[in-house]
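# Notes for the structure review
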Protein chains: 2
Amino acid sequence: MAKTVRIGLMGLGTVGSGLVSLIERNAPIIERRSDVKLEIARALVKDPNKKRPLPDDKVTLNPRDIFDDPSIDIVVEVIGGIEPARMYLLEALKANKNIVTANKAVLAAHGDEILALAGANECQVGFEASVCGGIPIIQALSSGLIANRVDELIGILNGTSNYILTRMSEEECTFDFVLSEAQEKGLAEADPSFDVQGIDAAHKLLILAELTFQVKAQMNEITVEGIDRITPVDIKTAHDFGFVIKPIAIAVRDGDNMDLRVHPALLPKLHPLASVHHEFNAVLVKGDAIGEMIFYGKGAGSLPTASAVLSDIVEIARSDYVVPVWNPQKSIKFAPIESKSRYYLRFPIYDKPGMIGKIATVLGDHGISITHAMALLECNETNKGNVMIVTHASKEQDIRHALADIQKAGTLTETPLAIRMLE
Amino acid sequence: MAKTVRIGLMGLGTVGSGLVSLIERNAPIIERRSDVKLEIARALVKDPNKKRPLPDDKVTLNPRDIFDDPSIDIVVEVIGGIEPARMYLLEALKANKNIVTANKAVLAAHGDEILALAGANECQVGFEASVCGGIPIIQALSSGLIANRVDELIGILNGTSNYILTRMSEEECTFDFVLSEAQEKGLAEADPSFDVQGIDAAHKLLILAELTFQVKAQMNEITVEGIDRITPVDIKTAHDFGFVIKPIAIAVRDGDNMDLRVHPALLPKLHPLASVHHEFNAVLVKGDAIGEMIFYGKGAGSLPTASAVLSDIVEIARSDYVVPVWNPQKSIKFAPIESKSRYYLRFPIYDKPGMIGKIATVLGDHGISITHAMALLECNETNKGNVMIVTHASKEQDIRHALADIQKAGTLTETPLAIRMLE
């Protein structure tokens, strides 16, 4: 006998509508596979006049119509952002309803509060859709790989940034040009800053790190750099050296020290994440039992996200209450791990004889060895240009100090750029 | 309060020993993440004199010491093969114990019987380790991707075959040479026929297809071809055309018709599975909501398999009994789907003028168009050689008939080889 689950849907935008249409289309498949019958009981909307994929009597402007309906089993929040999403999730839990959310921002900022109330009220919380859309990475990290000590996790977690860098590489055009294209295609928001500045990826990294390493970090403990300063020259130079530039998020542990970082990086072309293109996401996990494992798929979009939300709903519907486990390791400190890495550096300059010499000398003074140096003038007949340098493995601190000294010398036209090169 | 789970381990070979050492090493991690404490209560062995990673009082020669011990919660079978594994699993279920198995052969042949008894006795069955070792693909297909209509699944499911073809491609050496190397490294069994003839991959495909498509197929409904007839010439020719040869398993559905196949195939070098090398496994799933998704990792070996077994144990320990759902679609028929595909063909010949002409003419008579044809003599001064042909998209049936006609003409030194080329 199939069990009917009544869903209260908060939000009927891209993901909400995707959810409604996926249930309509695949309800028989889901029921055959799980004996769970899904029904949207009611959906909360903001604008009463917009055309909706649901009959009028199922749409409401009043969130209490969902919280106060005892027939509703699960509240699904797909509004995004912090408020009113946070308040809705807490109200749903107060009404003893299980919750499913796709909202990484609210989890990164208020996950503790939400999980604590869920625990107190014995409600379940599903958040598979909050990271990497349709890829079941939350389930894999919290269950499938549970027997592993994970030492490193690298992900391409933000589809917008990956799309922009991929297109810049394919078309040899500027960040701004590709950003407009991505906005037209619906692959970037009107205000893209959360995506291109790495904040969205940092929210997701926080969630993945908590699950994988059982640690509680704050946003300000993550080093975050965006992709918005990368130019076609950087992509071309990286390519010539056999690398691609990818927007990565890394969590790496060394004993009780943990380093969480979001930034662009140069990956060798044969690196397993180097072939993750366009809006695709991927997560590489290094575990002591499994070795290297990769999960690859669409990280955003209406249907992939709806797929993840539905898997949470079915999982909650068919299992009894499972006590959530949250024993963070208090001993872990968050700080950059001073491992050495090679760096790609770009110094914007006015072209004059001796520029490479000056820059290389300061780098040398800081103990930084150079493997390649080249200068390139811009094509636009100013005498502006760039000096590009690839270093041997160096400490981040040394690079930072050297860059500050070079900037102080006053010969640069803009702030220099430093991007790590991964092995 | 952590819940202690007592494990009865049937078999203390490669996987069993891996399980013991993984529990020893990572028990604190598992407990912190799940509140489940694991304890090996007793292990069944065959040889009482072999050195074991467990104290003597935990080792037994008598399986009843496990079935009849009321303190044992879960029986883990890592013996492999059909009997006595099947009998042990059924006895464990009769004693109302949950079971976890890594055994694809017994599931492919007797899965129905085992699941039926588990259902009747309200016992749980975990079999994550039976396909793709450490990759949590069973969980992904049965839960994470549950909301998707899947139309196609392609996997590299047998690590031994993939290792052999990868090494043949890297070293330009023969199947037999690489097989010995693989056997020395422990990557191939003393009797490798299950692996290299595609039977092991077919067992796994059967399990994946059942979960993904909710169908019940038999081994004789799968088209199975091994990799043992592939020569360095085939790999080199494929390479020259921009392809790699990979041992794949495919499940594809077209309406109520389903095609299950295991065979080598030529994949374009940019195909997402073309870069899956050595003993690695990968599964590509095409779902209507998620699009293309790939899971990649180590498909065999002591610790990856133990990782999957442990994830099943923890999952069973922390959830209450979940009614297994098994509603196979009765309407599905298993038969080759007559889609067209390009083919790579190799005809072993005695070198004589006109060989390409003769072969090409017969192919033409069967409506098969050729894009490339080439002849190559062997280096060993016999006048033996091969004619290699790449066709336009053709029907399998036409290829089969043409090959039979060419063989009948009596000019070949051996049976010709036909390998599909995937897009």
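Residues numbered from 1 in each chain as written. Chains lettered and ligands numbered in written order. Predicted model: local features only at pLDDT ≥ 70, side-chain atom pairs only at ≥ 80, totals over all residues.

Another aspect to go through is the overall build of chain A. Helices and strands together make up the secondary structure of chain A, namely 13 helices and 17 strands. Compactness check: chain A gives a C-alpha radius of gyration of 24 Å against a globular reference of 22 Å for 423 residues, within 12% of the reference. In terms of its C-alpha atoms, chain A occupies a principal-axis envelope of roughly 80 × 50 × 35 Å. Within chain A, residue pairs in contact and separated by at least 24 positions form 74% of the contacts whose partners lie at least 6 positions apart. (Helix = DSSP H or I, 4+ residues; strand = E, 2+ residues; numbered from the N terminus. Rg over C-alpha atoms; globule rule 2.2 N^0.38 Å. Contact = placed C-beta atoms within 7 Å.)

The next point concerns the sheet that holds strand β3 (residues 59-60) of chain A. Residues and elements named next belong to chain A. Read from one edge of the open sheet, six strands run β3-β2-β1-β4-β5-β6, paired in parallel fashion. Edge positions in the open sheet fall to β3 and β6 (125-126), since each of these has one partner strand only. Taken together, the four bridges between strand β1 (residues 3-10) and strand β4 (residues 74-77) define a ladder with parallel strand orientation. Following the sheet pairing, G8 is matched in β4 by V75. Against the sheet, helix α1 (residues 14-34) engages β1 and β2 (36-44), with an angle of about 160° to β2. (Pairing = 2+ DSSP bridges. Axes fitted to C-alpha atoms, helices over the stretch in contact; angles between N-to-C directions.)

The interface is formed by 47 residues belonging to chain A together with 47 residues belonging to chain B. Contributions of two or more residues to the side of chain A that touches chain B are made by α1, α5 (137-144), β12 (291-298) and α11 (302-318) of chain A. Per-element tally for the side of chain A that touches chain B: the top contributor is α11(A), with nine residues. In terms of residue class, the side of chain A that touches chain B is built from 23 nonpolar, 15 polar and nine charged. Pairing of β12(A) with strand β12 (residues 291-298) of chain B, which is carried by three bridges, proceeds in the antiparallel orientation. The residue of β12(B) that forms the bridge with I294(A) is Y296(B). (Nonpolar A, V, L, I, M, F, W, Y, C, P; charged D, E, K, R; others polar.)

Partitioning chain A into domains gives domain 1 (3-133), domain 2 (137-299) and domain 3 (342-421). Computed from C-alpha coordinates alone, the two centres of domain 1 of chain A and domain 3 of chain A are separated by 51 Å. (Domains from an automatic or database assignment.)

What follows covers the pairing of strand β9 (residues 243-254) of chain A. The side chains of a regular strand alternate, first on one face of the sheet and then on the other. Residue and element names in this part refer to chain A. Burial within β9 is extensive, with ten of its twelve residues counted as buried. Note that strand β7 (residues 150-156) and β9 share four bridges and pair antiparallel. If you follow E152 over to β9, its bridge partner there is V252. The pairing of β9 with strand β10 (residues 257-268) spans twelve bridges and is antiparallel. Looking at β10, one finds that P247 is bridged to P264. Between β9 and β10, which follow one another and run antiparallel, lie two residues, and G255 among them has a positive phi close to 65°. (Buried ≥ 20, exposed ≤ 12 C-beta atoms within 10 Å, placed from the backbone.)

For the rest of this paragraph, the subject is helix α13 (residues 396-408) of chain A. Residues and elements named next belong to chain A. The end-to-end C-alpha separation of α13 is 18 Å, in line with the 18 Å expected for 13 residues at 1.5 Å each. Within the span of α13, buried status applies to I399, A402, L403 and I406. Buried residues in α13, looked at end-on, bunch into an arc of 100°, giving them a common side. α13 presents Q397, R400, A404 and K408 as exposed residues on the side facing more than 90 degrees away from its buried surface. In this structure, the buried residues of α13 make contact with β14 (342-350), α12 (355-365) and β17 (417-421). (Expected span 1.5 Å × (residues − 1). Arc of directions from axis to C-beta.)

What follows is about the nonpolar core. By size, the foremost hydrophobic cluster in this structure holds 267 residues, and its most contacted members are L205(A), V309(A), I313(A), L205(B), V309(B) and I313(B). Not counting residues up to four positions away in its chain, the partners in contact with L205(A) are L157(A), I222(A), A249(A), A251(A), L260(A) and V262(A). (Core = buried A, V, L, I, M, F, W, Y, C linked by C-beta atoms within 7 Å.)

The two copies are related by a screw motion: chain A maps onto chain B through a turn of 180° and a shift of 0.0 Å along the axis, at an RMSD of 0.0 Å. Read as a symmetry element, the transformation amounts to a two-fold axis. Rotation axis and chain A: the residue whose C-alpha lies nearest the axis is F295(A), separated from it by 2.5 Å. Here 100% of the interface residues in chain A have copies in chain B that are interface residues too; the copies meet face to matching face. (Least-squares fit on C-alpha atoms with pLDDT ≥ 70 in both.)

Residue and element names in this part refer to chain A. With 15 residues, helix α9 (residues 199-213) extends 20 Å from end C-alpha to end C-alpha; this agrees with the ideal 21 Å at 1.5 Å per step. Among the 15 residues in α9, 15 count as buried, and that is most of the element. The positive-phi residue at the C-terminal boundary of α9 is Q214, with phi of around 55°.

Turning to the pairing of strand β14 (residues 342-350) of chain B, a few remarks are in order. Residue and element names in this part refer to chain B. Relative to strand β17 (residues 417-421), β14 runs antiparallel, the two being bridged by five bridges. Opposite Y343, over in β17, you have R420 as the bridge partner. The sheet contact formed by β14 and strand β16 (residues 384-391) spans seven bridges and is antiparallel. When the bridges of β16 are listed, R346 appears paired with M388.

The share of residues in chain A with pLDDT of 70 or more is 98%, and the mean pLDDT across the chain is 93. Across the assembled chains, the prediction reports ipTM 0.94 with pTM 0.95. (pLDDT = per-residue confidence, 0-100.)

Attention now goes to the environment of A147(B). All names here are of chain B. Considering the arrangement of structural elements, one finds A147 in the loop between α5 (137-144) and β7 (150-156). Taking the C-beta count within 10 Å as the criterion, A147 has 31 such neighbours and is therefore assigned buried. Separated by 142 residues in sequence, A147 and A289 have C-alpha atoms that sit 7.7 Å apart.

Here the focus is the sheet that holds strand β6 (residues 125-126) of chain B. Residue and element names in this part refer to chain B. Taken in spatial order, the six strands line up as β3-β2-β1-β4-β5-β6 in an open sheet, and their pairing is parallel. Whereas interior strands pair on both sides, the edge strands pair on one side only; in this sheet they are β3 (59-60) and β6. Looking at chain direction, strand β4 (residues 74-77) and strand β5 (residues 98-101) are connected through four bridges and run parallel. Looking at the pairing, V76 lines up with V100 of β5. Strands β1 (3-10) and β2 (36-44) of the sheet are contacted by helix α1 (residues 14-34), whose axis makes an angle of about 160° with β2.

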